[in-house]
Amino acid sequence: MSEADFEYQEKIRRLAVKIVKHYRGKGPENVKVKLDNESQITIEIRGILSSLSEILLKEGAADLVAEYWKVLKPYLERGFMEELIETVGCRFSYSWRLCDQYHEGRSVIIQLNKSV
């Protein structure tokens, strides 16, 4: 990986860490950024963005977590989208999914696609 790619990856990771700290108080060890290719970036956040989500899952209320994310997603977009566009350097589409939500290894995977 070139130094420029590494710096770009780190800028994205630092922003993701900032978002995670805002919602969970957890640090950079919970965030991984991978540059898949020139137009795709994958961000993995171990755990779920909020402690409330964790509590709801442990108590068997996964349906409430899905409802909670419907509210949280637009809030995250309003709060951080412009900063993320600036960091990435262009507009993009994205998708996200919850993985292993019923186990300790649960994570949020966000894929940014710069070829919009």
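All of the points below concern the structure found in this document.

The rules behind these values
- Residues numbered from 1 in each chain as written.
- Predicted model: local features only at pLDDT ≥ 70, side-chain atom pairs only at ≥ 80, totals over all residues.
- Heavy atoms only, no water.
- Pairing = 2+ DSSP bridges.
- Helix = DSSP H or I, 4+ residues; strand = E, 2+ residues; numbered from the N terminus.
- Axes fitted to C-alpha atoms, helices over the stretch in contact; angles between N-to-C directions.
- Contact = heavy atoms within 4.5 Å.
- Salt bridge = Lys/Arg side-chain N within 4 Å of Asp/Glu carboxyl O.
- Buried < 20%, exposed > 50% of the residue type's maximum accessible area, 1.4 Å probe, protein only.

**Let's talk about the sheet that holds strand 1 (residues 31-37)**
What holds strands together in a sheet is hydrogen bonding between their backbones, with the strands either parallel or antiparallel. The strand order across the open sheet formed by 4 strands is 1-2-4-3, and the pairing between neighbours is antiparallel. Either end of the sheet is taken by a strand with one partner, and the two such strands are strand 1 and strand 3 (93-99). Strand after strand, the sheet turns through a mean of 15° between neighbouring axes, direction not considered. Note: strand 2 (residues 40-46) against strand 4 (residues 107-113), 7 bridges, orientation antiparallel. Directly across from Thr 42, in strand 4, lies its bridge partner Gln 111. Docked against the sheet, helix 3 (residues 62-88) engages strand 2, strand 3 and strand 4, running at close to 140° with respect to strand 3.

**Focus: the pairing of strand 4**
Look at any regular strand and the pattern is simple: side chains alternate between the two faces of the sheet. In terms of strand pairing, strand 3 meets strand 4 through 7 bridges, oriented antiparallel. Directly across from Arg 97, in strand 4, lies its bridge partner Ile 109.

**Considerations on the pattern of salt bridges**
Counted under the stated rule, the structure contains 4 salt bridges. Glu 83 is the salt-bridge partner of Lys 18, the closest N and O atoms lying 3.0 Å from each other. With Lys 18 in helix 1 (residues 3-24) and Glu 83 in helix 3, this pair connects stretches of sequence that are 65 residues apart. Overall, Lys 18 belongs to the partly exposed group, its relative accessible area being 41%. For Glu 83, a relative accessible area of 32% gives the class partly exposed. Where Glu 67 meets Lys 70, a salt bridge forms, and the shortest distance between an N and an O atom there is 3.1 Å. A residue pair is termed a helical-turn pair when its members lie 3 or 4 positions apart in one helix, as Glu 67 and Lys 70 do in helix 3 at 3 residues. Among the residues examined, Glu 67 registers a relative accessible area of 42% and is labelled partly exposed. The exposure class of Lys 70 is exposed, given its relative accessible area of 56%.

**Topic: the side chain of Asn 30**
Structurally, the position occupied by Asn 30 is in the loop between helix 1 and strand 1. Setting aside its immediate chain neighbours within four residues, Asn 30 contacts Glu 44, Ile 45 and Arg 46.

**Comments concerning the environment of Lys 114**
Of note, Lys 114 is situated in the segment after strand 4. Of the residues examined, Lys 114 reaches a relative accessible area of 23% and is grouped as partly exposed. Between the C-alpha atom of Lys 114 and that of Gln 40, which follows or precedes it by 74 residues, the distance is 6.1 Å. The residues touching Lys 114, leaving out its near neighbours within four places in the chain, are Tyr 8, Glu 38, Ser 39, Ile 41, Val 88, Cys 90, Arg 91 and Phe 92.

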